[in-house]
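Architecture at a glance
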Amino acid sequence: MKRVFAALVFVALLTGCSDDRARLRPSVPLSAGEALRGREIVTGIGACGYCHGATSDPAAPLSGGRRHFDLFGEVNAANLTPAKSGLGEWEVKDVMRAFRARQDREGNKLSPEVHKGMEWLADRDVLAVVAYLRTLPVVENEVERRSVSFVTRNTTGFFEGGVDLRGYVPGVDARNQVAYGRYLVGNVARCTSCHNSPGTLITSEGHLTGGGTVKTDSGEKVAPDITASPVYGIGG
């Protein structure tokens, strides 16, 4: 089944190269193997569909439009399909910039909270994500963009910090299980974006110690401690 899927993905990649609707143009060749790896990230541990899906399902079409909440209030998740209203006009460098600098193709800032940690996603994994996104069916869905004023950006968002990574980001050797697990938790699954405890003016946020409020359309929840503590976390 894996070989069959790889063959189908390869055909889809070739089709995407000749289809004007799907112009997520690669600056380097992207293989079917990379698309398979991208699928594992996007629909698996990365769970991109939780935010960008038509429904909160990792396997849902990544057509965007659903409402989420961050420091600045409501924000709609973007369309990630290779449609004109999605990533159809984007090049690989544009996607890389979204990961590294949290900026879209026009230079507008992306939500800092929900993308936190993704700036350190390895180059090879970003390329794998691009390869997979290019195989998705085109779904035209024009998502309303949020505008954050200069005043709000520099008052409410004063402590959000700036990110602009440049250069090559290497992968982490999966044989080093602790380091690779840390990479998956912090940069692929981004568990820290919900499960870190909030920082204050005099203290930094706690790593995976919980306590932060996660707001969704269905209400608010407090993220639990997922450290190895047998009392407060999941050590038991």
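So, about the packing of helix α2 (residues 32-45) against helix α5 (residues 123-133). Between α2 and α5, the least distance of the axes is 7 Å, while the angle of their chain directions is 95°. Here α5 runs roughly perpendicular to α2, going by the angle between their axes. Each of E34, A35, R37, G38, R39, I41, V42 and T43 in α2 lies in contact with α5, whose residues at this interface are D125, L127, A128, V129, A131 and Y132.

Here helix α7 (residues 177-188) has its buried residues at Y180, Y183, G186, N187 and V188. For α7, the angular spread of buried residues about the axis comes to 150°, placing them on one side. When the buried face of α7 is taken as reference, the exposed residues oriented beyond 90 degrees from it are Q177, V178 and R182. Buried positions along α7 lie against α2, α5 and α8 (192-195). Looking one or two residues past α7, R190 carries a phi angle of roughly 55°, positive in sign.

Glancing now at the pattern of salt bridges. Considering all chains together, one arrives at 11 salt bridges under this definition. A salt bridge links R37 to E40, with the shortest nitrogen-to-oxygen separation between them at 3.7 Å. Of this pair, R37 and E40 both sit in helix α2, three residues apart, which is roughly one turn of the helix. You can call R37 partly exposed: its relative accessible area is 27%. Taking relative accessible area as the criterion, E40 reaches 44% and is therefore assigned partly exposed. Counted as one network, the salt bridges with shared partners bring together D94, D104, R105, E106 and R145.

Attention now goes to the pairing of strand β1 (residues 67-70). One ladder, built from four bridges, connects β1 with strand β2 (residues 73-76); its direction is antiparallel. By the bridge assignment, D70 is partnered in β2 with G73. Hairpin connection, β1 to β2: the antiparallel pair is bridged by two residues.

Evaluation of the coordinates by the stated rule reveals one aromatic pair. Summarising the aromatic geometry, the rings of Y180 and Y183 are spaced 6.2 Å apart at their centres and angled 35° between planes, so their arrangement reads as tilted. Of this pair, Y180 and Y183 both sit in helix α7, separated by three residues, roughly a single helical turn. Across the pair, exposure class does not vary: Y180 and Y183 are buried alike. Above the face of the F69 ring, K215 is positioned so that its terminal group lies 4.5 Å from the ring centre.

Thresholds, definitions, all that
Residues numbered from 1 in each chain as written. Predicted model: local features only at pLDDT ≥ 70, side-chain atom pairs only at ≥ 80, totals over all residues. Heavy atoms only, no water. Axes fitted to C-alpha atoms, helices over the stretch in contact; angles between N-to-C directions. Helix = DSSP H or I, 4+ residues; strand = E, 2+ residues; numbered from the N terminus. Parallel < 35°, antiparallel > 145°, perpendicular 65-115°, else oblique. Contact = heavy atoms within 4.5 Å. Buried < 20%, exposed > 50% of the residue type's maximum accessible area, 1.4 Å probe, protein only. Arc of directions from axis to C-beta. Salt bridge = Lys/Arg side-chain N within 4 Å of Asp/Glu carboxyl O. Pairing = 2+ DSSP bridges. Phe/Tyr/Trp six-rings, centres within 6.5 Å; stacked < 30°, edge-to-face > 60°. Lys NZ or Arg CZ within 6 Å of the ring centre and 35° of its normal.

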